[in-house]
Structures are given as C-alpha cells and as structure tokens.
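Architecture and fold: a report
Given next are the chains, with one letter for each unit.
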Amino acid sequence: MKIGIIGYGSMGSMLAEGFIRTGTMPGDLFISNRTESKRQALQTKGIVACTYNRETAVAADILFLCVKPMEIKPVLEEIKSVLTPDKHLVSIAGSLKIACIEKYHSGAVSRIMPTLISSIGEGVTLMAHNHRVTGNALEKLVGGFSRIRNVPESEFEILSDLTSCAPGLFSVMMREFVRAAITHTTLDEKELAALVVETMYGTARLLKESGEPFDNIISRVATKGGATEAGAAVLEQGLPQVFGEMFRKTLERQADRAAAVEKEF
Ligand SMILES: NC(=O)c1ccc[n+]([C@@H]2O[C@H](COP(=O)([O-])OP(=O)(O)OC[C@H]3O[C@@H](n4cnc5c(N)ncnc54)[C@H](OP(=O)(O)O)[C@@H]3O)[C@@H](O)[C@H]2O)c1
C-alpha cells in the first residue's frame, strides 16, 4: 500500500516516523510540503519527496492531509482532479467535518485525531469514518504506534481535548505544580520537574496497570489527617471551576474554528 502525506509539520512527520518504525518501507511513503527545505530532508530518509501535492495524491492509496484546517480547502482544490474514488482520504485537521471533504471526494474518508505522544508509541488516536470505508487498513497502519478508538464524529471535539490537547494541558498543570513548590525548597525548577514527571509517569502506570479507579488511589495516599488529604481538599474545591472554565473555552474555540472552516467550504 502506498501512503501519501501532505504537510510534513509536527503531526505529518510524527505519522511518517511512526509508519516507518512499524514496518512501512520509506519508498512507499510519498510526502509533499510547502517549504522546500523540509522536502529535502525527506530524501535523506529514503522517503519519496513530491514537489507538488498532486503528485502525492496520484501516488497514494491512502492519503493523509496534515495541514492546518484553513489550508485543507486549497489543498483539496489542488488535488481534486486526481482524487479517484478508490483512494482513502484521511484528515487530521481539527474542527474539519468529514462532510466538507466529501464535497471533494466520493470515496472513503476518515477523520482522525492523533496525539503527539504517539511519537513514543503511546496515547490514543480517535477515528471516525464515512460509510465508504471498509476493512481496517487505517486502524492497522496507525495502530502500530498508537491505540485506536473509533468514536462518533459528534464526540470529536470534547474527546480530542482529553487525548490530543491533553499532553499540552497536563504539561501546564505539571509546570504550575512545580512552580508553586519552588518557594518552599532549595532545589531548582529542573530538579523539581524531574521528580514530578517521574511521579506523574508512575501514577499513570499504576492507574493503568492496576485498573483501579482514581478514588482508590486517592484514598490509599490521602490517609486521614495527613498532608495529602489537606492538599486534595484544596484541589477538590478549586479544580471543578478551573476545569469547567477550561472546557468551556476549548469547546468555544473549536466551535468558532469549525464555523470559520465550514464557511470556506
Ligand atoms: N499539533 C498537534 O498536537 C495536533 C494534534 C492533532 C491534530 N492536529 C492537526 O494536525 C494538522 C497539522 O498540525 P501541525 O501541528 O502538524 O502543524 P504544522 O507543524 O504547522 O504542520 C503543517 C505543515 O503543513 C505544511 N503545509 C501548509 N500548507 C501546505 C500546502 N498547501 N501544501 C503542502 N504543505 C503545506 C506546512 O508547511 P511549511 O513548512 O511551509 O509551514 C507545515 O509543514 C492541523 O490540522 C491540526 O489541527 C495537530
């Protein structure tokens, strides 16, 4: 199977590297990118660098659109004449509905939401497909370096906050956790960050491997009258409002962006 990627930025390169790590031959990867310097870097890896997006689209059986949402329409305009119905089009663009792509392609269309942490083989990629997608070639391809969760397209916005945005959001939380501790210690920010990342990693592993709910871990650590109990009470009081506001903002931003993108189509 020939794989095409249009847009070799943060996510396009993450997918390309994931495909190669999990067995795709570099010569079966066809990639185009607006900036030439990034295309030159591809050739040294044995990947076929295409000058024009149309070349990528012609070569690909499955074609990943990895440009920003507002760039999708110009790219589709560019490649529409070579989009034969046998091709499988996969968009990773946030806020772009499958129906928009179907205006340009009568074949299989999927919308996926990858996550940066799949660059180390972790995390969940959300997927939704139109009725023309048959078989599981896409799941097998991306499933080599990420867990796959098929979800209704209507759930994409909120669930992508929990999977794709979350590495950024969790990093903010950890950074603030560290910064609030710094006035109470002689260790520097880097040393504190190392402790917190190790602890966050271990907590995630414990939750995952034990299958225990959050409340079990909380009650096992927050013993009656102890320091964790006091700290947890502060978080339980303040965080519902913070997270409520955070989701309100992220969903509002996604809705605004979806409206702007849809207007283009
Ligand atoms: N970042 C994330 O964590 C994340 C997660 C899930 C989904 N997404 C989605 O993934 C998509 C890409 O995001 P990103 O973070 O990878 O952005 P990015 O790093 O800016 O990459 C976009 C790439 O597309 C290229 N490009 C733009 N217009 C093009 C065109 N007409 N033809 C060919 N290439 C073109 C850009 O080329 P230049 O080198 O010229 O800029 C750039 O390399 C977005 O739609 C975003 O919603 C991102």
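Residues numbered from 1 in each chain as written. Predicted model: local features only at pLDDT ≥ 70, side-chain atom pairs only at ≥ 80, totals over all residues. Heavy atoms only, no water.

Focus on the packing of aromatic side chains
What counts is decided by this rule: Side-chain rings of Phe, Tyr and Trp (the six-membered ring for Trp) are treated as a pair once their centres are within 6.5 Å; stacked means planes under 30 degrees apart, edge-to-face means over 60, and tilted covers the remaining angles. To qualify as a helix, a DSSP run of H or I must reach at least 4 residues; to qualify as a strand, a run of E must reach at least 2; elements of each kind are numbered from the N terminus. When a residue's accessible area, from a 1.4 Å probe over protein chains only, is under 20% of the maximum for its type it is buried; when over 50% it is exposed; and in between it is partly exposed.
One pass over the structure, following the stated rule, counts three aromatic pairs. On the numbers, 6.0 Å between centres and 85° between planes, the contact of Y104 with F265 is edge-to-face. With a gap of 161 residues between them, Y104 in the loop between α5 (98–102) and β6 (108–113) and F265 in the segment after α11 (227–264) connect regions that are remote in the sequence. F265 carries the same exposure label as Y104, and that label is buried. Put simply, the rings of F19, F64 and F145 touch in pairs and so form one group of aromatic residues.

Observations concerning a nonpolar patch on the surface
Applicable threshold: For patch detection, residues must exceed 30% relative accessible area and be free of salt bridges, and they are connected within 9 Å for like charges or within 5 Å for nonpolar side chains (Val, Leu, Ile, Met, Phe, Trp, Tyr). Per-residue and other accessible areas follow the Shrake-Rupley method at a 1.4 Å probe size, with only the shown protein chains counted as cover for residues. Salt bridge criterion: a side-chain nitrogen from Lys or Arg within 4 Å of a carboxyl oxygen from Asp or Glu.
Together, F170, M173 and M200 make up a nonpolar patch on the protein surface, roughly 250 Å² of accessible area in all. The residue M200 is located in helix α9 (residues 189–210) in this model. Judged by relative accessible area, M200 falls into the partly exposed class, the value being 32%.

Section: the sheet that holds strand β3 (residues 48–50)
For clarity, the cut-off: Note on pairing: two strands pair once DSSP finds at least 2 bridges between them. All axes here are fitted lines through C-alpha atoms, helices being fitted over the stretch that makes contact, and every angle between N-to-C directions spans 0 to 180 degrees.
Strand order in this open sheet of eight strands is β3-β2-β1-β4-β5-β6-β7-β8, and the pairing throughout is mixed. The open sheet has two edge strands, β3 and β8 (147–150), and neither has a second partner. Each adjacent strand pair in this sheet contributes to an overall mean axis angle of 25°, direction not counted. As paired elements, strand β1 (residues 3–6) and strand β4 (residues 62–65) share four bridges and run parallel to each other.

Topic: the site of the ligand
To keep things clear, this is the line we draw: Any residue with a non-hydrogen atom lying within 4 Å of a molecule or strand is treated as near it. Throughout, the ten residues Ala, Val, Leu, Ile, Met, Phe, Trp, Tyr, Cys and Pro are labelled nonpolar, Asp, Glu, Lys and Arg are labelled charged, and all others, Gly among them, are labelled polar.
Residues in contact with the ligand amount to 23 residues; listed here are only the nearest, M11, N33, T35, K38 and V67. Those elements giving two or more residues to the shell around the ligand turn out to be α1 (10–21) and α4 (69–79). The element best represented in the shell around the ligand is α4, accounting for three residues. Counted by class, the shell around the ligand contains 11 nonpolar, eight polar and four charged residues.

Considerations on the pairing of β1
Put simply, the rule is: Seen with the strands pointing away from the viewer, any crossover whose path from the first strand over the helix to the second strand runs clockwise is right-handed.
Going residue by residue along β1, you find I3 and I5 tucked away on one face and G4 and I6 tucked away on the opposite face as well. Of the crossover connections in this fold, the one passing from β1 over α1 to the parallel strand β2 (residues 29–32) is right-handed.

A few points about the pattern of salt bridges
Evaluation of the coordinates by the stated rule reveals 16 salt bridges. R111 serves as the salt-bridge partner of E153, at 2.9 Å between the closest nitrogen and oxygen. Here R111 lies in strand β6 and E153 lies in the loop between β8 and α7 (156–163), a separation of 42 residues in the sequence. Residue E176 is joined to R175 by a salt bridge in which the shortest nitrogen-to-oxygen separation is 3.0 Å. What makes R175 partly exposed here is its relative accessible area of 36%. Through salt bridges with shared partners, one network takes in R175, E176, R179 and E189.

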